[in-house]
Amino acid sequence: MSDIIKLSQARRGDRGVIVQVGDHSHHDEHELELERRLLELGFVEGARVELLHQGLFGRDPIAMKVDDMRVALRRHEAASLIVRMEPVA
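Thresholds applied
- Residues numbered from 1 in each chain as written.
- Predicted model: local features only at pLDDT ≥ 70, side-chain atom pairs only at ≥ 80, totals over all residues.
- Heavy atoms only, no water.
- Helix = DSSP H or I, 4+ residues; strand = E, 2+ residues; numbered from the N terminus.
- Rg over C-alpha atoms; globule rule 2.2 N^0.38 Å.
- Contact = heavy atoms within 4.5 Å.
- Areas by Shrake-Rupley, 256 points an atom, 1.4 Å probe, with all protein chains shown as cover.
- Lys, Arg positive; Asp, Glu negative; His and termini not counted.
- Charge placed at Lys NZ, Arg CZ, Asp CG, Glu CD.
- Buried < 20%, exposed > 50% of the residue type's maximum accessible area, 1.4 Å probe, protein only.
- Core = buried A, V, L, I, M, F, W, Y, C linked by side-chain atoms within 4.5 Å.
- Pairing = 2+ DSSP bridges.

Caption draft 1: Inspection of the overall build of the protein at higher detail. What the protein contains, in helices and strands, is two helices and six strands. Ordered by position in the sequence, the α and β elements of the protein form the string β-β-α-β-β-β-α-β. Computed over C-alpha atoms, the radius of gyration of the protein comes to 12 Å, within 12% of the 12 Å expected from 2.2 N^0.38 for 89 residues, which places it in the range of a compact globule. When the backbone C-alpha atoms are referred to their principal axes, the protein occupies close to 40 × 30 × 20 Å. Contacts in the protein between residues at least 24 apart in sequence constitute 64% of all its contacts with a sequence separation of at least 6. By element, 52% of the accessible surface of the protein is carried by carbon and sulfur atoms, the whole surface being about 5900 Å². For the protein, the separation between the mean place of its 13 positive charges and that of its 16 negative charges on side chains is 8 Å.

Given below as structure tokens:
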């Protein structure tokens, strides 16, 4: 059984697959812009993610691998991404 969490809750070394981008129930212009930007960066449903690094203070920002590229996000931005975590091998 796998856990479904917000990407902002992930810890270094965690891996998973994006199952939802954005909160589709909100119609806030800022939230819609963030969702659009995340999609443009490659955060699409089905993309594989791995948290590589987190900042020293407040664990922010976080660096992650998204499929074959590396991206850094703030944790509040990563909270818009829902991920199905893979079990640790």
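We are not done yet, so read on.
Caption draft 2: Representation of the environment of leucine 39. Tracing the chain through its elements places leucine 39 in helix 1 (residues 29–40). The class for leucine 39 is partly exposed, based on a relative accessible area of 38%. Aside from chain neighbours lying at most four places away, what touches leucine 39 is Val21 and Val44.

Caption draft 3: Expanded view of the nonpolar core. Within the largest apolar cluster, 19 residues are counted, with the highest numbers of intra-cluster contacts made by Leu7, Phe43 and Leu73. Elements that contribute at least two residues to this core include exactly strand 2 (15–21), helix 1, strand 3 (48–54), strand 4 (62–66), strand 5 (69–73) and strand 6 (81–85). Those residues within four positions of phenylalanine 43 in sequence are excluded, and the remaining contacts are Ile18, Val21, Leu38, Met64, Val66, Val71, Leu73 and Leu81.

Caption draft 4: Local environment of the pairing of strand 3. Pairing geometry for strand 2 and strand 3, over three bridges, is antiparallel. Within the sheet, the bridge partner assigned to glycine 16 lies in strand 3 and is valine 49. Bridge count between strand 3 and strand 4: five bridges; the pairing is antiparallel. Paired with glutamate 50 across the two strands is lysine 65, which belongs to strand 4.

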